[in-house]
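Geometric and topological summary
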Amino acid sequence: MSSYEPKLVCFSCKFGWGYLNTEEALAKQIKNWVPIICSGKVDSSHILTAFRQGADGVLILGCRGGDCHYQDGNYEAKKRVYLLHKVLESYGIESERLRIELSIDPEGNKIPQLVKEMSDRIAKLGPVKKVGEPAKAVAVV
Amino acid sequence: MADKPKVAICWLGGCGGCDEAVVDINEVLLRVANATDLVLWPVALDFKYDHIEAMSDGEIVLSIINGNVRNSDQEEIAKLLRKKSQLVLAFGACACFGGTPGLANFTTKEDIFNWVYRDAPTVVNPEGKYPQPKSRVNGKELTLPKFYEHVFALNQVINVDYYLPGCPPPPYLVMNAVSAVLEGKLPPKGSTLSPRRALCDTCPRNKTKPSRIALRDIKRIHEVEADPDSCFLAQGILCLGAATRGGCGESCISINIPCRGCFGPVDGVVDSGAKFLSALASIIDAEDDEEMKKVIDKIDDPAGYCYRFSLPVSLLRGKRS
Ligand code: SF4
Ligand code: SF4
């Protein structure tokens, strides 16, 4: 357990997070980081695909309430996350593994820190459990 | 007889409704029976699997397979038919996406067995016996198919050439599919033999849908008397038409029942449930977090609702345990 490092995917909105920094500099500090334009852009299928591809957690960083460049993308993301918590639980994936934070951090220094904090919490849960693999398809005649 | 194309119809993990849908093409079925040599149809005709085994590979022109795969018997038959057939058509929601029985993927095999053979109030099983793939009775070995951990859609077990969704598929699409095969007018392999667009596109209620829906309350269809002419979503009743392929003929909508998604995703979408979840979240309206949670909490079993027919082919496929 001690050597286990959770795989986290972090989406962050470019309007509120790290816009005074360079993406190259931040990317060096954050694994699986996806800077995006508006947290509302993160579709349910992006989140589910991250889990499908082996993520142990997904962190979405959006702008502060009322500060969305597109009016309410951050609020859209928040509703989606709350609804997805319930869906993930049905799949046996703990809701703590999906988190959204609405705030502002022009330098982006808080991003690696928030990823680390979430990673530490998820380490306690362990990896997402696997689902049985389907049988192998036979060749077409 | 020798020159007629051989056709097999078979059910795996299905309810028989799809076989019934074949019968529902009525007298056209007689023409099909005339034009083809039916070599297997367990629901209707007494052929043996031995006959199929004795055939050469690819001898059957078309196998129409309904139902999903949950046990070793179903897997064996699916693989046998694949080997002997030039074309395989996944027929109905169960074969295409896992169907309603695929919702069992939100439960583990262990929980299913415990409930069915131990905990259900009607069960009397003092010796705690569970079915085993092999058991000995009076010195003889008896076998049962192996019950798998999960329900699989047909294309998770064999390669599938065409898909015809629906629970069950409507007669006009069944007829179109059969004549396409008989006349050799099939679209490219991998196609779904139904319109590509979403149900909302053809739904007569679509014109009553406001440009922006804002729901402060969600109701279930049995809790209200739904207006028979206006869009269900606009009435706060969950309707999956926006994320579901059309072609069903609006059979549910026309009897005042919202779409449950049996035609699966539209072309280009893998996980129709995820698409609907995003759409649903966006039409929920609330002043603050508390109110937002209250509205969403009213949705009973959102995962089951969004994946009613498609859980086995969804991105996350089933419960992790
Ligand atoms: S798709 Fe519907 S009608 Fe066909 S076997 Fe499955 S449950 Fe029955
Ligand atoms: S949401 Fe349902 S009722 Fe409304 S237009 Fe679409 S299919 Fe029709």
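Residues numbered from 1 in each chain as written. Chains lettered and ligands numbered in written order. Predicted model: local features only at pLDDT ≥ 70, side-chain atom pairs only at ≥ 80, totals over all residues. Heavy atoms only, no water.

What follows is about the overall build of chain A. Looking only at helices and strands, one finds four helices and four strands in chain A. Here the C-alpha coordinates of chain A stretch approximately 55 × 35 × 30 Å along the principal axes. Within the span of chain A, comprising 141 residues, buried residues form 49% of the whole. Partitioning the intrachain contacts of chain A with sequence separation of at least 6 by distance along the chain shows that 73% fall at a separation of at least 24. Measuring between centres, the 20 positive side-chain charges of chain A sit 4 Å from its 17 negative side-chain charges. (Helix = DSSP H or I, 4+ residues; strand = E, 2+ residues; numbered from the N terminus. Buried < 20%, exposed > 50% of the residue type's maximum accessible area, 1.4 Å probe, protein only. Contact = heavy atoms within 4.5 Å. Lys, Arg positive; Asp, Glu negative; His and termini not counted. Charge placed at Lys NZ, Arg CZ, Asp CG, Glu CD.)

From N to C terminus, chain B includes ten helices and nine strands. Relative to the 2.2 N^0.38 estimate, which gives 20 Å for 321 residues, the radius of gyration of chain B is 22 Å and therefore close to what a compact globule would have. Oriented by its inertia axes, the alpha-carbon framework of chain B measures out at about 70 × 60 × 30 Å. Within the span of chain B, comprising 321 residues, buried residues form 50% of the whole. Considering only contacts in chain B between residues 6 or more positions apart, those separated by 24 or more positions represent 74%. Placing the 37 positive and 40 negative side-chain charges of chain B at their respective mean positions leaves the two points 4 Å apart. (Rg over C-alpha atoms; globule rule 2.2 N^0.38 Å.)

Residues and elements named next belong to chain B. The strand order across the open sheet built from five strands is β2-β1-β3-β5-β9, with neighbouring strands paired in parallel fashion. Looking at strand neighbours, the two that pair on one side only are β2 (37-40) and β9 (162-164), the edges of this open sheet. Taken over all neighbouring pairs, the strand axes of this sheet differ in orientation by 25 degrees on average, direction set aside. Direction of pairing for strand β1 (residues 6-11) relative to β2: parallel, over a ladder of three bridges. (Pairing = 2+ DSSP bridges. Axes fitted to C-alpha atoms, helices over the stretch in contact; angles between N-to-C directions.)

Residue and element names in this part refer to chain B. Looking at ligand 1, the residues that line it are Gly 14, Cys 15, Gly 17, Cys 18, Gly 92, Ala 93, Cys 94, Gly 166, Cys 167 and Pro 168. Elements supplying a minimum of two residues to the shell around ligand 1: α1 (17-23) and α5 (92-97). Considering each element in turn, the shell around ligand 1 owes the most residues, three residues, to α5. Of the residues belonging to the shell around ligand 1, the class tally is six nonpolar, four polar and no charged. (Near = heavy atom within 4 Å. Nonpolar A, V, L, I, M, F, W, Y, C, P; charged D, E, K, R; others polar.)

Packed helix pairs are specified by the crossing angle of their axes together with the interaxial distance, meaning the distance between the axes. Running from amino to carboxyl end, helix α3 (residues 73-90) of chain A crosses helix α8 (residues 272-283) of chain B at an angle of 130 degrees, the nearest separation of the two axes being 8 Å. The angle between α3(A) and α8(B) falls in the class oblique. As for how α3(A) packs across α8(B), the hand of that crossing is right-handed. The segment α3(A) lies against α8(B), with Glu76(A), Lys79(A), Arg80(A), Leu83(A), Leu84(A) and Val87(A) engaging Leu277(B), Ser278(B), Leu280(B), Ala281(B) and Ser282(B). Here the residues of the contact of α3(A) with α8(B) are counted per class, giving six nonpolar, two polar and three charged. (Parallel < 35°, antiparallel > 145°, perpendicular 65-115°, else oblique. Left-handed = near helix turned anticlockwise from the far one by under 90°.)

This brings us to the confidence of the model for chain A. Note: predicted coordinates in regions of low pLDDT should not be interpreted at a detailed level. In this model, chain A carries a mean pLDDT of 91, and residues with pLDDT of at least 70 account for 91%. Taken together, the stretch residues 137-141 of chain A has pLDDT below 50 and engages in 18 contacts with residues farther than four places along the chain or on a different chain. (pLDDT = per-residue confidence, 0-100.)

Turning our attention to the interface of chain A and chain B. Residue-level contacts link 37 residues of chain A with 46 residues of chain B. Each partner contributes to the roughly 3700 Å² buried at the junction of chain A and chain B, and carbon and sulfur atoms together form 62% of this total. Summed over the three residues of chain A that lose the most area to chain B, namely Tyr82(A), Leu83(A) and Tyr91(A), the buried surface amounts to 20% of that side. At the junction of chain A and chain B, the tally comes to four salt bridges. Between the two partners, chain A and chain B, sit 13 residue pairs in polar contact (both at pLDDT 80 or more). (Buried area = accessible area lost by both parts, 1.4 Å probe. Salt bridge = Lys/Arg side-chain N within 4 Å of Asp/Glu carboxyl O. Polar contact = N/O pair within 3.5 Å; in protein donor to acceptor, adjacent residues only side chain to side chain.)

Quick look at the packing of aromatic side chains now. All names here are of chain B. What the rule picks out here adds up to eight aromatic pairs over all chains. Measuring from centroid to centroid gives 5.6 Å for Phe 113 and Tyr 117, while their planes differ by 55 degrees, and the two rings are tilted. Pair noted here: Phe 113 and Tyr 117 are both in helix α6 (residues 109-119), with a separation of four residues, about one helical turn. Plain terms: the ring middles of Tyr 117 and Tyr 130 are 6.1 Å apart, the flat faces sit at 45 degrees to each other, and that makes the pair tilted. Here Tyr 117 is found in helix α6, whereas its partner Tyr 130 is found in the loop between α6 and β6 (134-137), with 13 residues between them in sequence. Given a relative accessible area of 31%, Tyr 117 falls into the partly exposed group. Tyr 130 gets classed as partly exposed once you look at its relative accessible area, which sits at 25%. Through a chain of ring-to-ring contacts, the aromatic side chains of Phe 113, Tyr 117, Tyr 130 and Phe 147 assemble into a single cluster. It is Lys 109 that lies over the ring of Phe 113; its NZ or CZ is 5.8 Å from the centre. (Phe/Tyr/Trp six-rings, centres within 6.5 Å; stacked < 30°, edge-to-face > 60°. Lys NZ or Arg CZ within 6 Å of the ring centre and 35° of its normal.)

For the coordinates displayed, the defined rule picks out 29 salt bridges over all chains. Glu5(A) serves as the salt-bridge partner of Lys31(A), at 3.3 Å between the closest nitrogen and oxygen. A residue pair is termed long-range when its members are at least 10 positions apart, and Lys31(A) in the loop between α1 (23-29) and β2 (33-36) and Glu5(A) in the segment before β1 (8-13) qualify at 26 residues. Across the pair, exposure class does not vary: Lys31(A) and Glu5(A) are exposed alike. A salt bridge links Asp57(B) to Lys84(B), with the nearest nitrogen and oxygen atoms 3.3 Å apart. Note that Asp57(B) is positioned in the loop between α3 (49-53) and β3 (60-66) and Lys84(B) in helix α4 (residues 72-84), a separation of 27 residues in sequence.

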